[in-house]
Amino acid sequence: MPAADLILAGAQVRTLDPARPTATAVALHDGVITAVGTADDVRDWRGPGTEVVDLHGAHLVPGLVDAHSHPVWGLDMATGTDLSGVTDLAGLRAALAGAERVDGWVVGHGLDHNAFEGRPVHHELVADVLDGTPAFLRLYDGHSALANEAALAAAGVTGPRAFDQRAQVVCDASGRPTGHLVEHAAMDLVADVAPRPSYAERRTRLVELLSAMAATGLTGAHVMDGGDLDLVAAVARETVLPVRLRFAPWCMPGADADALRELIEAQGRGGRHWVVGGVKFFMDGTVEGGTAWLEHPDCHGQGTDAFWPDPHAYAEAVRTLHAAGVRTATHAIGDAAVRHVLDTVASLGPSGHGAHRIEHIETAPDELLPRLAELGVAASLQPPHTGYTRDDATDEWSRRLGSDRAARAWRLRDLREAGATVALGSDWPIAHYDVRAVLATARRPKGMAAHRPGLTAVQALEGCTSHAATAAGEADVAGRIAPGRRADLTALSVDPVRASADELTDAPVVLTVTGGYVAHRGPSAPGR
């Protein structure tokens, strides 16, 4: 047998493999786990070129995965001034007054809807502090932005526009744009003329970002967009990607047979540590933006329309992709959106079981929860999003939904108890990518979700390991520490099951191994 490339010894291994739940040593060769057991079990795998890392009692678990992230597309999303710390209108005005001008623009990201203090999003609120400088400010949800008059003029936006998808250039009663751009097609009108990082800057930032992700223990990410695959391919040829990336390019309203064929043909494209595997749909937008598809209107009378103007066209596109063996992930936040996705999967018959997933599910009634388990639809939720709400329901998300629907916020534990697969992620750059915070917040949700129990520690760990693997259709090759599985492993200074949520949030990451490659080595992980 070939010698191992890497042996991890002296560990407390939590395998999540029912056949062997615990171990103390693991051997890896050519990106695959070859042996799991004691030091004696892996001794024969040691050769002259084997690196041996003594973990000195660190806790080794299957490689942690972010089941919903945007590490490439997010490089543009997270450009410019970070506005995530702004909590009110005065703070926003102060931040913009002092913001760096990039190529004559102010570009910002991460702005919380709650910063407008209940006022409609309008460029007049910040006009004087910008003094005519074009400004494009992305709100934290990634589905809306504020552009001032100068930015709208640069983009030639002078009134309402018609879109294939459910998007809007919000205008006042006289037909003049307020600067509030809702959904991707509307935002892109200004984003296309705003400053963007150069190729060299994006390449450097991508490597830095993936390295920083690996330093939190991440070994993989389900990328819910097509990103810039040429950039990823170029970087992967030059270096080893620290985090394994699985891309699901978007299928948007208006996609014809040629567009669907291109998505099908793109499947399997990839290289070391990256691959195209799936397609991403949007069934709705966001609660705060008024574009979540709800069974009853929100408090502003909005939310009764699907992102696809013809929901049946969405279902037909899913059926076409499914027939070609393509897995789908659908963004569905509101109850009507979740129901339509489930109805679509049900129409596929038994072959649809285990092949599709829903992203977000921020509010859902009781009767929908068991259907996810019955249909084998994975629920992909992002626990850090709960922090954008308040437990007293005074936030924009809660006010729009009303008390009944807000009380059904992020039903992590309920979904697990209903038998559903629950995969966990961050949705970076919507929330921070630190997977330790994802695990901790899954156990102790914030805001309106704090009124319900979170996941158990084991369930949270499974959400970033075995359940994430199931959601990606990779349950046979990932998510557990067992011979023949991918050599994706995370070593922490604490046991993520026994440690408290607070301890886990700040726990040192001892080692991150992606495909047998040591992507991060903490100070307490010496070589042989």
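Residues numbered from 1 in each chain as written. Predicted model: local features only at pLDDT ≥ 70, side-chain atom pairs only at ≥ 80, totals over all residues. Heavy atoms only, no water.

A. A look at the overall build of the protein. Scanning the protein from N- to C-terminus turns up 19 helices and 26 strands. For 528 residues, the compact-globule estimate of 2.2 N^0.38 gives 24 Å, and the protein sits close to it at 23 Å. Considered along the principal axes of its C-alpha atoms, the protein spans approximately 80 × 50 × 50 Å. In the protein, buried positions account for 60% of the 528 residues. Taking contacts inside the protein between residues at least 6 apart in sequence as the whole, the part at least 24 apart equals 73%. As presented, the protein carries roughly 19,500 Å² of accessible surface, and 49% of it is formed by carbon and sulfur atoms. The centroid of the 46 positive side-chain charges in the protein is displaced by 4 Å from the centroid of its 67 negative side-chain charges. (Helix = DSSP H or I, 4+ residues; strand = E, 2+ residues; numbered from the N terminus. Rg over C-alpha atoms; globule rule 2.2 N^0.38 Å. Buried < 20%, exposed > 50% of the residue type's maximum accessible area, 1.4 Å probe, protein only. Contact = heavy atoms within 4.5 Å. Areas by Shrake-Rupley, 256 points an atom, 1.4 Å probe, with all protein chains shown as cover. Lys, Arg positive; Asp, Glu negative; His and termini not counted. Charge placed at Lys NZ, Arg CZ, Asp CG, Glu CD.)

B. Highlighting unusual backbone geometry. Residue Trp 428 is joined to Pro 429 through a cis peptide bond whose omega torsion reads 10 degrees. Along the chain, the position of Pro 429 falls in the loop between strand E23 (422-424) and helix H16 (435-443). If you check the backbone angles, Ile 361 has positive phi at about 45 degrees while not being a glycine. Inspection of the secondary structure assignment puts Ile 361 in the loop between strand E21 (356-360) and helix H12 (369-375). A positive phi is found at Trp 410, a non-glycine position, where the angle reads about 45 degrees. Mapped onto the fold, Trp 410 is located in the loop between helix H14 (403-406) and helix H15 (412-417). Relative accessible area serves as the criterion here: at 4%, Trp 410 is assigned to the buried category.

C. Spotlight on the packing of aromatic side chains. Here the structure, examined in full by the defined rule, presents 10 aromatic pairs. Both rings, one in Phe 247 and one in Trp 274, keep their centres 6.3 Å apart while their planes meet at 85 degrees; by these two values the pair is edge-to-face. With Phe 247 in strand E16 (residues 244-247) and Trp 274 in strand E18 (residues 274-276), the pair connects residues that are 27 residues apart, well separated along the chain. In terms of burial, Phe 247 and Trp 274 fall into one category: buried. (Phe/Tyr/Trp six-rings, centres within 6.5 Å; stacked < 30°, edge-to-face > 60°.)

D. Layout of the nonpolar core. Grouped together as the largest cluster of nonpolar side chains are 94 residues, with contacts concentrated most on Leu 245, Phe 247, Trp 274, Phe 281 and Met 283. In contact with Phe 281, not counting residues within four places along its chain, are Cys 251, Trp 308, Tyr 314, Ala 317, Val 318, Leu 321, Thr 328, Ala 329, Thr 330 and His 331. Ranked by size, the runner-up nonpolar core spans 21 residues in total, among them Leu 6, Leu 8, Val 53 and Val 513. (Core = buried A, V, L, I, M, F, W, Y, C linked by side-chain atoms within 4.5 Å.)

E. Representation of the environment of His 520 in the model. Note that His 520 resides in strand E26 (residues 517-521). Along the sequence, His 520 and Leu 218 sit 302 residues apart, while their C-alpha atoms lie 9.6 Å from each other. Apart from residues no more than four positions distant in its own chain, His 520 is found in contact with Ala 214, Ala 215, Val 509, Val 510, Leu 511 and Thr 512. There is a polar contact of 3.4 Å between the side chain of His 520 and the backbone oxygen of Val 509. (Polar contact = N/O pair within 3.5 Å; in protein donor to acceptor, adjacent residues only side chain to side chain.)

F. Region of interest: the layout of surface pockets. Taken as a whole, the largest pocket encloses approximately 630 Å³ of empty space. Those elements that place two or more of their residues in the lining of the largest pocket are strand E13 (168-171), strand E14 (177-182) and helix H13 (396-401). Its residues assigned to classes, the lining of the largest pocket shows 8 nonpolar, 14 polar and 7 charged. In this model, the second largest pocket occupies a volume close to 430 Å³. What lines the second largest pocket is a set of 24 residues, among which Trp 73, Asp 76, Arg 138, Asp 188 and Ala 191 lie closest to the centre. Taken together, the elements giving at least two residues each to the lining of the second largest pocket come down to strand E11 (135-139) and helix H6 (184-191). (1 Å grid on protein atoms, 1.4 Å probe; cavity = no way out; pocket = protein on both sides within 12 Å on 5 of 7 lines; lining within 4 Å. Points joined across faces, edges and corners; volume = space filled by probe spheres on them. Nonpolar A, V, L, I, M, F, W, Y, C, P; charged D, E, K, R; others polar.)

G. Expanded view of the pairing of strand E19 (residues 279-282). The alternating pattern of E19 places Val 279 and Phe 281 on one face and Lys 280 and Phe 282 on the opposite face, and all of these are buried. For E19 and strand E20 (residues 328-332), the ladder comprises 4 bridges, and the chain directions are parallel. By the bridge assignment, Val 279 is partnered in E20 with Thr 328. The β-α-β motif built from E19, the intervening helix H10 (residues 311-323) and the parallel element E20 has right-handed crossover chirality. (Pairing = 2+ DSSP bridges. Right-handed = clockwise from strand over helix to strand, strands pointing away.)

H. Representation of the side chain of Thr 178 in the model. Tracing the chain through its elements places Thr 178 in strand E14. One polar contact links the side chain of Thr 178 to the main-chain amide nitrogen of His 180, over a distance of 3.2 Å. Residues in contact with Thr 178, not counting those within four places in the same chain, are Val 121, His 122, His 123, Leu 146, Val 170, Cys 171 and Asp 172.

These results come straight from atomic positions and should not be treated as a statement about function.
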